[in-house]
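# A look at the structure
So you can see what is in the structure, the chains are spelled out below.
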Amino acid sequence: MAFPRRPSTVLRYVIPALLLTLTLYILAEPIDFSLVGPLLLSTPLGRWCFPSEHPIDKLIKAAEEEFATTISKETQNLADAAAAYRKRRGRHPPPGFDEWHKFAKDNKNAIIVEDFWDQIYHDLEPFWALKPAQIRRNAREFEMRIEVRDHKASTGSGWFWTQIWLDMIKTIEHLLPDMDLALNAMDEPRMVVPWEEIDRHMHKAARTRKMVDVKKVVSEFGKLPPLGQAPPEKGEAQKITWEHDKHYWLIARRGCPPTSPARKAAIVIDFNQTPAIASPFSLAHMQDGYVANYTLSTTVCHQPDLQALEGIFVEPLSVSATKSLLPIFGGSKLAVNNDILLPAPMYWNEEERFMGAEGASIPWSAKQSTAIWRGVATGGTNRPNNWRSFQRHRFVGMNNATQLSLARSSSSSQTPQPPPNFALSDKRYRHIPSPSSPAFTDWISSTTSIALTDLMCLYPDARPSCNYTAPYFTLVPAVPMAEQFRHKYLPDIDGNSFSGRYLGFLRSTSLPIKATLWREWHDARLVAWKHFVPMDSRFGDWYGVLEYFVGVGGKGGRDDVAERIAMAGREWAGKVLRREDMQVYVLRLLLEYARVVDDRREVMGWVGDLQ
Ligand SMILES: *[C@@H]1O[C@H](CO)[C@@H](O)[C@H](O)[C@H]1NC(C)=O
Ligand SMILES: *[C@@H]1O[C@H](CO)[C@@H](O)[C@H](O)[C@H]1NC(C)=O
Ligand SMILES: *[C@@H]1O[C@H](CO)[C@@H](O)[C@H](O)[C@H]1NC(C)=O
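Heads up: these notes are all about the structure in this document. (Residues numbered from 1 in each chain as written. Chains lettered and ligands numbered in written order. Predicted model: local features only at pLDDT ≥ 70, side-chain atom pairs only at ≥ 80, totals over all residues. Heavy atoms only, no water.)

### Some remarks on the sheet that holds strand S11 (residues 487–493)
Taken in spatial order, the five strands line up as S10-S9-S11-S12-S14 in an open sheet, and their pairing is parallel. Looking at the sheet topology across the chains shown, the edges are occupied by strand S10 (448–454) and strand S14 (533–534). Sheet topology places strand S9 (residues 368–376) next to S11; two bridges connect them, and they run parallel. Paired with Ala 371 across the bridge in S11 is Tyr 489. Contacting S9 and S10, helix H19 (residues 438–447) crosses the sheet at an angle of about 65 degrees to S10. (Pairing = 2+ DSSP bridges. Helix = DSSP H or I, 4+ residues; strand = E, 2+ residues; numbered from the N terminus. Contact = heavy atoms within 4.5 Å. Axes fitted to C-alpha atoms, helices over the stretch in contact; angles between N-to-C directions.)

Quick look at the structure:
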């Protein structure tokens, strides 16, 4: 019989009781029990008797299980991959599926778990409700395009991002049917189709989802006329209206269900004050103060308070949005947008300023146990009357020891100065004193190096000094990515849109701590708390996360756990976030896209395994 690891329940109570009696006996005087309890618990024996689980321990355990379930679905051959496809998608795979599989498995050594492509189906499904000729026409007439004819991809555009996407698509052009791809040249996504309309589209699309009789299946794609030659049928002209209202929340929220808090909550129009930070709206995706459902945490529909906590909703740099469902491809989007995701150009390009490949392999033990963040005050156009609602300003502010001590200052000489753009939380942590104590300030300044490199002063009257934010921020020189990897912890905060550093962070030996509202091509293949640490967009969990991993004064940290997640993320990124995986993703995406814009789409498919 194995020796039990933990004492029996009875012993758990008997030992502390004995100890307590002993202590009482020795001291033989009245005792403050509130002191003795924690004292006893903090001894190794106490911890042995009362093992207490941190909420993050539970989340990490759940993530391990989720990940194990996902990879257990890996398929090894074409027939199994096709069966997994049919089961998950309710249709036959698209024509060319066999070539896709060969490319993925044999050429690129990709891990094939059907769930990894969920984003493609999320993005394309509503298009099954539109007429193929209409989608083709919208793509053909869009201002920026990549065109594929006879297995050759080309573009008339010299735009930087388009050139990079072309470079990516050219690597798979030999496997692509004819198509026109409309590309978003802006940082910001383009479409928010009203939720009600998408709901109708989804119902209509669901009716096309069926397993067509194998004998009726068409397994070739149609051809398009050569470039510059008009197609025989024009497709229905659609009147497209572009909206340029910079108050993007008004546009974004129509992508939410009519009963959602985002649709019902009052609209904030005055951003000239400290926004409310703590909010019960976060409870839906949190558990004991930490993000428990990462996907949900990146959805705004249940979080209307974020309208005053994210630059994208307050005043993005540019807005060109439409309610029309158009086949526009882009690198990132909010959950309410209907754009079709491609891997972002900087990921394909592996630019050093986003990847920091040089420093990506620094051993964990050689790093400092500190968190670093450097960046520009992006998020949109910050102005004297709205900057307090910008996420990067908030994150930097709440890591500023001076601001923290000014806020709590209760000494006779000074009256407290409430933080301009964040709130002192009264949340209690396990080992750190409350944020309103000097010890907390010391702790923050010794564990973080978080600062802006540029105030991003676009507001004409304030240039060049940016006198409304300058008093609160000291600018520091930028730190190259490779140098940032000398620190163990890498918080990642959205800028104007998604953060292009994320892939570099994941591939590194440091630990990314990710707060975002942006969706990317790879989301379905990453598991929060397994490959990275998720953070709520209000950052209310930041101090707790830092405390959990770093501890206080060399005590209570979980350096080994942090290292394990950092390495798991790096190893996984080396298997499923390679350039090869981007190619495999894009090839699958474009085969599906080519089918949904084909007039015969409902009978098209690959059924080679069923014949
Ligand atoms: C997370 O939230 C989504 C809704 O966005 C829901 O569908 C999913 O079931 C939730 N996951 C868990 C593990 O609760
Ligand atoms: C910033 O400068 C402008 C223009 O000189 C001035 O009108 C404004 O009051 C200043 N704001 C602050 C906060 O000092
Ligand atoms: C921290 O806050 C103080 C007071 O607001 C400010 O003077 C200082 O520049 C800030 N430091 C950084 C690194 O932003």
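### Some words on the layout of surface pockets
Taken as a whole, the largest pocket spans an internal volume of roughly 1000 Å³. Around the largest pocket sit 43 residues that line it, and Gln 119, Thr 295, Thr 298, Arg 519 and Asp 523 are the ones nearest its centre. Where the lining of the largest pocket is concerned, the elements lending two or more residues are helix H4 (55–71), helix H7 (118–124), helix H10 (195–208), helix H13 (294–297) and strand S13 (518–519). Considering each element in turn, the lining of the largest pocket owes the most residues, five residues, to H4. Split into classes, the residues belonging to the lining of the largest pocket amount to 24 nonpolar, 11 polar and eight charged. (1 Å grid on protein atoms, 1.4 Å probe; cavity = no way out; pocket = protein on both sides within 12 Å on 5 of 7 lines; lining within 4 Å. Points joined across faces, edges and corners; volume = space filled by probe spheres on them. Nonpolar A, V, L, I, M, F, W, Y, C, P; charged D, E, K, R; others polar.)

### Things to note about unusual backbone geometry
One non-glycine residue, Asp 288, lies in the positive phi region at around 50 degrees. Note on placement: Asp 288 falls in the loop between strand S4 (286–287) and strand S5 (290–291). Overall, Asp 288 belongs to the partly exposed group, its relative accessible area being 49%. Of note in this structure, Cys 466 is not a glycine but carries a positive phi near 55 degrees. Tracing the backbone through its elements, the reader meets Cys 466 in the loop between S10 and helix H20 (481–484). (Buried < 20%, exposed > 50% of the residue type's maximum accessible area, 1.4 Å probe, protein only.)

### Topic: the sheet that holds strand S8 (residues 340–341)
With mixed pairing, the five strands of this open sheet are ordered in space as S2-S1-S3-S6-S8. Edge positions in the sheet fall to strand S2 (152–154) and S8, since each of these pairs with one other strand and no more. One ladder, built from two bridges, connects strand S6 (residues 328–330) with S8; its direction is parallel. In the strand pairing of S8, Gly 330 is matched with Leu 341. Contacts from helix H24 (residues 579–596) reach strand S3 (179–183), S6 and S8 within the one sheet, and its direction differs from that of S3 by about 115 degrees.

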